[in-house]
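What follows is each chain in one-letter form.
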Amino acid sequence: MPVKIRLQRHGKKGKPFYWIVAADARAKRDGKYLEKLGTYNPNTNPATVNLDVDGAITWLENGAQPTDTARNLLSYKGVMMKKHLKVGVKKGALTEEQADEKFNSWLTEKEAKIAGKASGLQADADAVAAKALEAEKAVNEARIAANAPEVAEEPAAQGDNATGEEE
């Protein structure tokens, strides 16, 4: 029985939400599956991926073939990297501690990159909101100035000394 790691679509029309599943290759896209490995929500920015890394590695080691999109998601979460390091440990190229250290350093870099993107998106959204607020204030001030009644200035009295100096 050939097993595929693929996406199973859920969610309503125009708002997709996917389960990452291990399924028989002959099963329907949204049909029977062997194990649910995680979820993928492309509606958020950056996209949200929740994944059971160890379960996915187990399926990959047992011969499951990921689809192209599933492979990209597995790489995004570090499953392919961890599998690669596990093979290196089996061959004797690395020790278990070295592999764990490499994976953890890669994971922290990846999380920092994702957090940087999220903060950059938030900063851009804040800048757009501030610019829109300034534009709205300018329009309001112009409207207030246009609707304000004109006040005629009274001429200054000739007898008063405006400078306050006495002669």
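Residues numbered from 1 in each chain as written. Predicted model: local features only at pLDDT ≥ 70, side-chain atom pairs only at ≥ 80, totals over all residues. Heavy atoms only, no water.

Here the focus is the pairing of strand β4 (residues 48-51). For a regular strand, the rule is simple: side chains alternate between the two faces of the sheet. A one-sided burial pattern is seen for β4, the buried positions being Val49 and Leu51 and the unburied ones Thr48 and Asn50. Both strand β3 (residues 35-41) and β4 contribute to a ladder of 4 bridges, which runs antiparallel. Looking at β4, one finds that Tyr40 is bridged to Val49. Hairpin geometry of β3 and β4 is characterised by an intervening segment of 6 residues between the two adjacent antiparallel strands. (Buried < 20%, exposed > 50% of the residue type's maximum accessible area, 1.4 Å probe, protein only. Helix = DSSP H or I, 4+ residues; strand = E, 2+ residues; numbered from the N terminus. Pairing = 2+ DSSP bridges.)

Bringing helix α2 (residues 68-77) into the picture now. The set of residues buried in α2 consists of Ala70, Leu73 and Leu74. Seen end-on, α2 carries its buried residues on one side only, within an arc spanning 100°. More than 90 degrees from the buried face of α2, the exposed residues found are Asp68 and Asn72. Immediately downstream of α2, the backbone of Gly78 shows phi near 90°, a positive value. (Arc of directions from axis to C-beta.)

What follows covers the nonpolar core. If you look at the biggest cluster of nonpolar residues, it comprises 20 residues, and the most contacted ones within it are Ile5, Ile20, Leu37, Tyr40, Trp59, Leu74 and Val79. Sort the elements by how many residues they give to this core and helix α1 (residues 53-61) lands first, with 5 residues. Each residue touching Val79, except ones within four places of it in the same chain, is listed here: Leu51, Val53, Ala56, Ile57, Leu60 and Leu74. (Core = buried A, V, L, I, M, F, W, Y, C linked by side-chain atoms within 4.5 Å. Contact = heavy atoms within 4.5 Å.)

This part covers helix α3 (residues 79-91). If you check α3, its first and last C-alpha atoms are 19 Å apart, about what 13 residues at 1.5 Å a residue would give, namely 18 Å. Two residues or fewer past α3, Gly92 is found with a positive phi of approximately 90°. (Expected span 1.5 Å × (residues − 1).)

Pairing is mixed in the open sheet, where 5 strands are placed in the order β4-β3-β2-β1-β5. Both edges of this open sheet fall to β4 and β5 (65-66), since each of them pairs with a single strand only. Sheet topology note: the strand β1 (residues 3-10)/strand β2 (residues 17-24) ladder contains 8 bridges and is antiparallel. Bridge assignment links Lys4 to a residue of β2, and that residue is Ala23.

Now for the packing of aromatic side chains. Under the definition given, this model contains 3 aromatic pairs. Relative to Tyr33, the ring of Trp19 lies with its centre 6.0 Å away and its plane at 85°, an arrangement referred to as edge-to-face. Placement of Trp19 in strand β2 and of Tyr33 in the loop between β2 and β3 is noted, with a sequence separation of 14 residues between them. Both rings, one in Phe103 and one in Trp106, keep their centres 6.3 Å apart while their planes meet at 25°; by these two values the pair is stacked. Separated by 3 residues within a single helix, Phe103 and Trp106 lie in helix α4 (residues 96-147), roughly one turn from each other. A relative accessible area of 10% places Phe103 in the buried class. (Phe/Tyr/Trp six-rings, centres within 6.5 Å; stacked < 30°, edge-to-face > 60°.)

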